[in-house]
Every structure is written in structure tokens, then in C-alpha cells.
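So the chains spell out like this:
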Amino acid sequence: MRGPSKQTRGWSALLLGGLLSLACGGEAEVLEGNSPSREDVEAGLHGPGSQGPYPNWATPTFATDAQVAEDGNQFFVAWSDGRPGRFYAARVSKNGRLLDPDAIPLNPGLRPDAYYHATAFDGRQFLVVWTGDTSIFLTRVNRNGTLDGPPVTLFTPTDHQPAGSPGIACHERKCLVAWIGFGGTATGAVRGITLNTAKPGFDVQEVFISNQLSAINSYGVAVAWSHDRYLATWTDSRFGGQDIFAARIRRTGAVLDPDGFVISAAPGNQNFSAVTATKQGFFVAWSDARNGTPDIYGARVKDGTANVLDPSGIPIATSSTNDITPKVASEGHQVLVTWSALTADTGRVRGARVKLNGDVRDRHGFAISRGAAARQLVSGNVAYANDKYFVVYGRAPVLDEPPYQVIVGTRLKQDDVLDIPAIRISHAPSVEQLAP
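These figures come from a predicted structure and were not determined experimentally. (Residues numbered from 1 in each chain as written. Predicted model: local features only at pLDDT ≥ 70, side-chain atom pairs only at ≥ 80, totals over all residues. Heavy atoms only, no water.)

## Details of the overall build of the protein chain
Logical step 1: Counting its secondary structure elements, the protein chain contains two helices and 30 strands.
Logical step 2: Burial statistics for the protein chain: of 436 residues in total, 61% are counted as buried.
Logical step 3: Sequence-distant contacts, at least 24 apart, represent 53% of the contacts inside the protein chain between residues at least 6 apart.
Logical step 4: A total of about 15400 Å² of accessible surface is found on the protein chain, and carbon and sulfur atoms cover 48% of it. (Helix = DSSP H or I, 4+ residues; strand = E, 2+ residues; numbered from the N terminus. Buried < 20%, exposed > 50% of the residue type's maximum accessible area, 1.4 Å probe, protein only. Contact = heavy atoms within 4.5 Å. Areas by Shrake-Rupley, 256 points an atom, 1.4 Å probe, with all protein chains shown as cover.)

Take a look at the structure:
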């Protein structure tokens, strides 16, 4: 198995068929109309022309790999501009207002070996971790949008290089970061660290999640916390095809399922897994090609066990489109699953709600992205706070190899899309001027 090279780790590596993280697409936004009142902006009313502060922070480029976290009162979106080492972030209020139109530079020193990233809230600060050629890096951002010092080298493995997109989850200042190993004796192993952000030096401890040399780094690792343990999920080829595996890890770093257990080993390939906590354990979703073209399936993992309640999988989206890159979040009683629905000419963001008993509330899904932009692809993770979900995705005029792409986001309440047009988060004038 070959790991990604420096040459392929830019935005071109994120395009269809060979991506580590799909960029998201959003709807074209209408710029005409009357200026909004202050009350409208504060209330987050995003009708035509009413966003309020617009992003204006930098030379436009290919914004991609948007990741979102929440602190219960605001959403924190981190993204790459497609060039190694360039990461930015912006906060969006619970009412839908962009709080950082100039963006927050997460890597002001532009480390040359900073690539794919993940973000979480540790109970006090937002954390952004990323993989480099040899190390895992960390940037901390205060809730007011200021950096808590420069990026730090969090961990440097001695027997491999971190590869693919990392996963991170936190609970009360304690976190698990997981990734796929590449090189040395660990290519295809799932490795990680626990850290305590309340302690000097973070009390970093290495975790050996799976020593099977069969994980596929192109799909990264997803991590969630529920009750008293983490669940890490990944794509694994130990049975020949691509399957979804998972392992439970205690907050101490003790791995309860060495080398993992099967979530789905159905015919065809299963990949792009995502995981979220629920009141009854975890919910895992993935892209599944058992029927020929990729569909979206999911499964529940019973709280406190490795018991997969849906061993055949729950069919969530089985349309004629190619359905890939699911992302999930839960308010406890149900799960929102979002994904990219691809045709030959377009990419659209869709969603469906799944009850904790496994019933799919939206059998045909519902549209999240709107407008004429051809490329509208979900990325990152979905977040839930203040009775609303927040979905980030990207927008570009063409599906394949767009010159520019912007990150947008929208809040959802149940299946109701609240921000039409979507909230613009990154900056690229040639894309922003798309007709609706």
C-alpha cells in the first residue's frame, strides 16, 4: 500500500475517486436585495443579501476539507485552502452569524508538512489537529476566536508516519486522536494518542488501536465519545475487499477490542465511515457498494458493548445516484445523516434522519444544498447545538477540478433548512458571483 506523497496531498488529491476528504458544495447565494437590519443579522436571517458580515480575508483559493465543532453556543469551522500548511477557521454564532469574516489563521508559521486535519471542543477550547510528514500537530483556539499560542508538535511516532485524515473526540479536557500509520513496520495499522489538555505537556500516551496492517489510509479514521469510552472506525481490507471496522477505547487509552471488530463486511466495498454518539451507544454510517453503485448504510452499536445491532446494515440512501462521504451527528434521540449525492454532472448534499430504533424517517432523503452550482459536496463532520444541526459543505461552478471552491454552511432544525442561501464562510469571488 502506498501512502500519499507531497505532490498528491494538495487540493487535487481531494477530487473524486482519489480523495482523502471530499470538499463540500453549497448553493449559489443571491447578493441583491436590501441591506439587513441589525436585528435581522443578529437573528441569523439569511434571506437574499442578509448574511451580514461576509468573508473577506484572503486571496481566493480552493477551500476544502471543512471540519466543524461546537461549544454549545457557537460553531467552529476549520478548513484548508488546498495548499500544504495553510489552515484557517471561522466561528458561526448559534443564530447563524459569521463571527470571523477575516478568518483565524490556524498555522501562521506555515509549517510545510501540515496537511489533513480534524477539530473538536475539549470543554474549554477548540482543538485542531493535523497530520504531517512525521508528526501530529495541534492548534488551540479560545472560544473568543483568539489563538492560545502557536501550533505545537503533539506527537512524533518512532516507527511510522501519520497518514490520511485523523479523527479526534474529547470529553472534559481528555481527548483521543487516531490516524492510519504509513511506512516502517506500521503501514495500515491504526494508531492514536490520548491527551489531557488540562495538564502541562498534555500527558500524551500512545495507543495501539489495531496492529493489523490492513487499514486504508485514503479514508482516514472517525472517532466519537459516548458515556465512558471512545469508538474509532476505519476502512479495512483484511478480508480482501473494503470493510468497516471499529474499536472501543477507554479514556485511559486501554483498547477494549484489539485489532477491532466488524461493523460491516457486506459484498462490495464499504468505506468513508462516520460515527456519532447517541443515548444508546454509537451510530456508524458509511458508503456501501453492495448493490453496485455506492449507497449510504448505517448501524447501531449498543452502549458499552461491541454488539452491532444491525449486522446487515440499515439502508439510508439507495437511489440511482452515487452516494458517498456520509457524515453524522445526533441530538441524542435521533441521528442526522448527510452525504454527497453524485451524478455525471452534479454533486448535491442530502440528508435523512434515523431513529434510535433504526427506522429511517426520511426514506427518500431531503435536499440540504440548493442552487445552481454544479459542485456541492459535503465534508467534515456535522455538529449539533442549541436545538439545531450545522452542516458545512463547499460550492464550485463545475464538478471536476474546480479552480476555486468556497465553504458554506447551513443550520437545520429537523428536516428544515434554515439558511437559504447558505452562510458563506470562506472567500472566492469568482464562485460567490454564481447566479442562483
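## Concerning the state of the cysteines
Logical step 1: This structure, assessed with the given rule, holds one disulfide.
Logical step 2: Here Cys 170 pairs with Cys 175 through a disulfide, and the sulfurs are 2.2 Å apart. Across the S-S bond of Cys 170 and Cys 175 the torsion is about 105°, and the bridge reads as right-handed.
Logical step 3: Overall, Cys 170 belongs to the buried group, its relative accessible area being 15%. (Disulfide = S-S within 2.5 Å.)

## What to know about unusual backbone geometry
Negative phi is the rule for most residues except glycine; trans is the rule for most peptide bonds.
Logical step 1: A cis amide bond links Ile 420 to the next residue, Pro 421, at an omega of 0°.
Logical step 2: At Gln 414, a residue that is not glycine, the phi angle is positive and equals roughly 60°.
Logical step 3: Its location among the elements puts Gln 414 in the loop between β28 (406-413) and β29 (416-417).
Logical step 4: For Gln 414, a relative accessible area of 36% corresponds to the partly exposed category.

## Observations regarding the environment of Ile 193
Logical step 1: In this fold, Ile 193 is placed in strand β11 (residues 190-196).
Logical step 2: Owing to a relative accessible area of 0%, Ile 193 belongs among the buried residues under this scheme.
Logical step 3: In sequence terms Ile 193 and Gly 253 are 60 residues apart; their C-alpha atoms lie 7.5 Å from each other.
Logical step 4: In this structure, Ile 193 is in contact with Leu 154, Phe 155, Cys 175, Leu 176, Val 177, Trp 179, Val 204, Gln 205, Glu 206 and Val 207, ignoring residues within four places of it in sequence.

## A few points about the sheet that holds strand β1 (residues 64-70)
Logical step 1: Read from one edge of the open sheet, four strands run β1-β2-β3-β4, paired in antiparallel fashion. Across the chains shown, the open sheet's two edge strands, defined by having one partner strand only, are β1 and β4 (104-105).
Logical step 2: Where strand β3 (residues 87-93) meets β4, two bridges bridge the pair, whose relative direction is antiparallel. The residue bridging Ala 89 from the neighbouring strand is Ile 104, located in β4. (Pairing = 2+ DSSP bridges.)

## What about the side chain of Ser 426?
Logical step 1: Considering the arrangement of structural elements, one finds Ser 426 in the loop between β30 (423-424) and α2 (429-432).
Logical step 2: Since its relative accessible area comes to 1%, Ser 426 is described here as buried.
Logical step 3: For Ser 426, the side chain forms a polar contact with the main-chain nitrogen of Ile 407, separated by 2.7 Å. (Polar contact = N/O pair within 3.5 Å; in protein donor to acceptor, adjacent residues only side chain to side chain.)

## Describing the side chain of Gln 125
Logical step 1: The residue Gln 125 is located in the loop between β5 (117-121) and β6 (126-131) in this model.
Logical step 2: The buried category is assigned to Gln 125, whose relative accessible area is 1%.
Logical step 3: A polar contact is formed between the side chain of Gln 125 and the side chain of Asp 148, at a distance of 2.7 Å.
Logical step 4: Excluding anything up to four places from it in sequence, Gln 125 contacts Ala 120, Arg 140, Val 141, Asn 142 and Asp 148.

## Overview of the confidence of the model for the protein chain
Logical step 1: Looking at the protein chain, pLDDT values average 86 and 85% of them are 70 or higher.
Logical step 2: Residue range residues 1-50 is modelled with pLDDT below 50. Its contacts to residues more than four positions away, or to other chains, number 169 contacts. (pLDDT = per-residue confidence, 0-100.)

## Quick word on the packing of aromatic side chains
Logical step 1: Counted by the stated rule, this structure contains ten aromatic pairs.
Logical step 2: Ring centres 5.6 Å apart and planes at 55° place the aromatic pair Phe 239 and Phe 245 in the tilted group.
Logical step 3: With relative accessibility at 52%, the residue Phe 239 sits in the exposed group.
Logical step 4: Among the aromatic side chains, those forming a connected cluster through ring pairs are Phe 76, Phe 121 and Phe 126.
Logical step 5: Stacked on the ring of Phe 245, the Lys or Arg Arg 238 has its end atom at 4.0 Å from the ring centre.
Logical step 6: Over the ring of Tyr 297 we find Arg 290; its NZ or CZ atom is 4.0 Å from the centre of that ring. (Phe/Tyr/Trp six-rings, centres within 6.5 Å; stacked < 30°, edge-to-face > 60°. Lys NZ or Arg CZ within 6 Å of the ring centre and 35° of its normal.)

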